[in-house]
Amino acid sequence: MTDSSVEVESQDRPSFLPESPRKKKRAYYRESQEQKRQELKQVVFSGSHDAEMLKLPKKKYYRQRAHSNPFSDHLLEYPLSPADMDWSSLYPALIPAKEKLSGEQPKQKVEIADVGCGFGGLLVSLADQFPEKLILGMEIRVQVTHYVEDRILALRQQHSKEGKYNNIAVLRANAMKFLPNFFEKGQLSKMFFCFPDPHFKARKHKARIITSTLATEYAYLVRPKGIIYTITDVRDLHEWMVKHLEEHPMFRRLSREWENSDPCVAIMRKDTEEGKKVERNQGDKFIACFVRIDDPE
């Protein structure tokens, strides 16, 4: 797989200039991590005879632009339908390999989706909050996805005796285009949209992750009484998301009292990397949560 942002990085340096030691070190680190990732991504860690202990990845080696154009033709893999998705490759300890299911669908399915999961802070915290549920992070940026993959692999191995973090995974995907390829109608109980790209310019508002069209798609994927969580530090984006979800007939905004009592809101406020950055800068965090109402009879 290639990614436009990765290609640009290599093109910025004229071919006649020697590669800097820093870039060589980053390239070597990425190559080493890629090899480990391919070898271990479908391994079920037992906690007894695991060889080398994996270290948590270092962000500085996963250089990537802050945002990615969702309308670009990224080289992505996605199933033709949810029935064609092999979830065992992401949750090897919990879902049998597809060939062992004899054509049947796995009994346990992803219930919680973190759209634009960034560096995985929310995923890791949700793993502890919902140990019995499968949670999926979706991220379009290739290097950020690799970082979260490596982070999850290291956590699975480090906590293999307790069997922790087997219920979270990350997938490189364009959520604006392909969500129905992964999830069935009413499959999700929670969707998180944490600090999404604000796309400040008016001509780029169509690229925002919540629009009238996409809200209808989310209403299809989220089951009745399921929750959509949003948080941002940009007031204009917050008002935009609230407007489009409030105008949709299948969503109702939840009260401030509900938000203050919900453990996921507390996690969303403090455990995402962007949330921590906003906290350090003493910025504002705007939150809005919406419940999927029952289907009309």
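Residues numbered from 1 in each chain as written. Predicted model: local features only at pLDDT ≥ 70, side-chain atom pairs only at ≥ 80, totals over all residues. Heavy atoms only, no water.

In this section: the confidence of the model for the protein chain. Predicted confidence across the protein chain gives a mean pLDDT of 87, with 87% of residues reaching 70 or more. Segment residues 1-12 is flagged for pLDDT under 50; beyond a separation of four residues in sequence, or across chains, it makes 19 contacts in the model. (pLDDT = per-residue confidence, 0-100. Contact = heavy atoms within 4.5 Å.)

The next point concerns the sheet that holds strand β5 (residues 222-232). What holds strands together in a sheet is hydrogen bonding between their backbones, with the strands either parallel or antiparallel. If you trace the seven strands from one edge of the open sheet to the other, you get β3-β2-β1-β4-β5-β7-β6, paired in mixed fashion. Strand pairing shows two members of the sheet lacking a second neighbour, β3 (168-172) and β6 (251-253), which therefore form its edges. Averaged over neighbouring strand pairs, the angle between their axes works out to 20° when direction is ignored. Of the strand pairs in this sheet, strand β1 (residues 110-115) and strand β4 (residues 188-194) are connected by four bridges, and their pairing is parallel. Residue Ile112 lies in a different strand from β4, and its bridge partner there is Lys190. Packed onto the sheet, helix α3 (residues 121-129) meets β1, β2 (134-139), β3 and β4 and runs at close to 175° relative to β2. (Pairing = 2+ DSSP bridges. Helix = DSSP H or I, 4+ residues; strand = E, 2+ residues; numbered from the N terminus. Axes fitted to C-alpha atoms, helices over the stretch in contact; angles between N-to-C directions.)

On inspection of all chains with the given rule, the structure shows eight aromatic pairs. Measuring from centroid to centroid gives 3.9 Å for Tyr78 and Phe178, while their planes differ by 15°, and the two rings are stacked. Taken together, the residues span a long stretch of sequence, with Tyr78 in the loop between α2 (21-40) and β1 and Phe178 in helix α5 (residues 175-182) at a distance of 100 residues. A relative accessible area of 40% means that Tyr78 is categorised as partly exposed. Its relative accessible area of 17% is what places Phe178 among the buried residues. Seen in terms of ring centroids, Trp87 and Tyr91 are 6.4 Å apart; in terms of plane orientation they differ by 40°. Their pairing is tilted. Assessed through its relative accessible area of 8%, Trp87 is described here as buried. (Phe/Tyr/Trp six-rings, centres within 6.5 Å; stacked < 30°, edge-to-face > 60°. Buried < 20%, exposed > 50% of the residue type's maximum accessible area, 1.4 Å probe, protein only.)

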